[in-house]
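For reference, the chains in residue letters:
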Amino acid sequence: DIDSHWAKTYIDFVTARELFKGTGENVFSPNLTMTRAMFVTVLGRMANVDTANYDGSRFRDVQKNSWCSAYVEWAADNGIVSGYGDGSFRPNNPVTREQMAKILYHFARLMGEETTSSGNLSRYTDQTQISEWAIDPCSWATDCGLLQGREDGSFDPSGLATRGEVSALLKRFVEHIIQRIYKAGSNN
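Now for a quick tour of the structure.

What counts and what doesn't
- Residues numbered from 1 in each chain as written.
- Predicted model: local features only at pLDDT ≥ 70, side-chain atom pairs only at ≥ 80, totals over all residues.
- Heavy atoms only, no water.
- Helix = DSSP H or I, 4+ residues; strand = E, 2+ residues; numbered from the N terminus.
- Buried < 20%, exposed > 50% of the residue type's maximum accessible area, 1.4 Å probe, protein only.
- Axes fitted to C-alpha atoms, helices over the stretch in contact; angles between N-to-C directions.
- Parallel < 35°, antiparallel > 145°, perpendicular 65-115°, else oblique.
- Contact = heavy atoms within 4.5 Å.
- Nonpolar A, V, L, I, M, F, W, Y, C, P; charged D, E, K, R; others polar.
- Disulfide = S-S within 2.5 Å.
- Lys, Arg positive; Asp, Glu negative; His and termini not counted.
- Salt bridge = Lys/Arg side-chain N within 4 Å of Asp/Glu carboxyl O.
- Polar contact = N/O pair within 3.5 Å; in protein donor to acceptor, adjacent residues only side chain to side chain.
- 1 Å grid on protein atoms, 1.4 Å probe; cavity = no way out; pocket = protein on both sides within 12 Å on 5 of 7 lines; lining within 4 Å.
- Points joined across faces, edges and corners; volume = space filled by probe spheres on them.
- Expected span 1.5 Å × (residues − 1).

Residues other than glycine predominantly adopt negative phi, and peptide bonds predominantly adopt the trans conformation. In this model, Glu-18 sits at a positive phi of 60°, which is unusual for a non-glycine residue. Along the polypeptide, Glu-18 turns up in the loop between helix H1 (8-16) and helix H2 (36-46). The phi torsion at Asn-48 lies on the positive side, around 55°, for a residue other than glycine.

Let us now look at helix H3 (residues 69-77). The buried fraction of H3 is high, at eight of nine residues. All of the buried residues along H3 are Ser-69, Ala-70, Tyr-71, Val-72, Glu-73, Trp-74, Ala-75 and Ala-76.

The next thing to look at is the packing of helix H4 (residues 97-110) against helix H5 (residues 135-143). Where H4 contacts H5, the two axes come as close as 8 Å, and the packing angle between them is 80°. With respect to each other, H4 and H5 are oriented roughly perpendicular. Of H5, the residues touching H4 (which contributes Glu-98, Ala-101, Lys-102, Leu-104, Tyr-105 and Ala-108) are Asp-136, Pro-137, Cys-138, Trp-140 and Ala-141. Its residues assigned to classes, the contact of H4 with H5 shows eight nonpolar, no polar and three charged.

So, about the state of the cysteines. The tally for this structure, following the rule as stated, stands at zero disulfides. Here Cys-144 is not cross-linked by a disulfide; its sulfur's nearest cysteine counterpart is in Cys-138, at 11 Å. Residue classification places Cys-144 among the partly exposed residues on the basis of a relative accessible area of 21%.

A separate point is the side chain of Arg-97. Looking at the secondary structure, you find Arg-97 in helix H4. For the buried residue Arg-97, which engages in no salt bridge, the nearest side chain bearing the opposite charge is Asp-156, 4.7 Å off. Looking at Arg-97, its side chain comes within polar contact range of the main-chain oxygen of Phe-155, at 2.7 Å. A polar atom in the side chain of Arg-97 sits 3.3 Å from the backbone oxygen of Asp-156. Excluding residues within four positions of it along the chain, Arg-97 makes contact with Leu-147, Gln-148, Gly-149, Arg-150, Phe-155, Asp-156, Pro-157 and Gly-159.

The volume enclosed by the largest pocket comes to roughly 310 Å³. Arg-97, Gln-148, Arg-150, Glu-165 and Arg-172 are, among the 16 residues lining the largest pocket, the residues nearest its centre. Secondary structure elements with two or more residues in the lining of the largest pocket: H4 and helix H6 (163-186). If one sorts the elements of the lining of the largest pocket by residue count, H6 sits on top with five residues. Here the lining of the largest pocket is built from residues that sort into nine nonpolar, two polar and five charged. Of the voids in this model, the second largest pocket is the one considered here, and its volume is about 230 Å³. If you go around the second largest pocket, the residues you meet are Arg-36, Gly-79, Ile-80, Val-81, Ser-82, Gly-83, Tyr-84, Gln-99, Lys-102, Ile-103, His-106 and Trp-133. Of all the elements, H4 adds the most residues to the lining of the second largest pocket, at four residues. The residue makeup of the lining of the second largest pocket, split by class, is five nonpolar, five polar and two charged.

The end-to-end C-alpha distance of H4 is 20 Å, a good match for the 20 Å that 14 residues give at a rise of 1.5 Å each. Along H4, 10 of the 14 residues are buried, which leaves the element largely enclosed by surrounding structure. Listed in full, the buried residues belonging to H4 are Arg-97, Glu-98, Gln-99, Met-100, Ala-101, Ile-103, Leu-104, Tyr-105, Phe-107 and Ala-108. Two residues or fewer past H4, Gly-112 is found with a positive phi of approximately 95°.

One can find Gln-129 in the loop between H4 and H5. Given a relative accessible area of 57%, Gln-129 falls into the exposed group. If we skip the residues at most four places from it in the chain, Gln-129 touches Glu-98 and Pro-157.

So, in structure tokens, the structure goes:
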């Protein structure tokens, strides 16, 4: 279901590295909205998380030993996610663009990436709609080219992303962030 999709090269990139799995036999579902659990799972795969080390669940709505529980627990243990004040993670909720920025921001920090940015979001027509907790992460994500604005000039902080869009985002993350970290480490 990706042969004529605009994100085919990105999807090929992430599936070749086994960051994403399909939603069925020979089906990727590129237009399916990405959930919070899917997003954290993909990052956990990118980090080569040993899921055997994470057998609990601190969130009341993430069942122990579910398909995502080890990755959610890993992300929480490492400060990548914190969940909601009511003790939930809301794994099946779609991940918003500003949530993705914040999760990636903390993931990049975990990997040793510098996450300071200019803090200038004025290029977006809806900059005042970005949540206070997401300003620095959104600024960093746009400054380093991970997240781009929409065609109408907005950032769309509460907008949702498809699996195809997240594939493009993750390819940029690997190319711009992980490769830079790797090169910096090999120069020491």
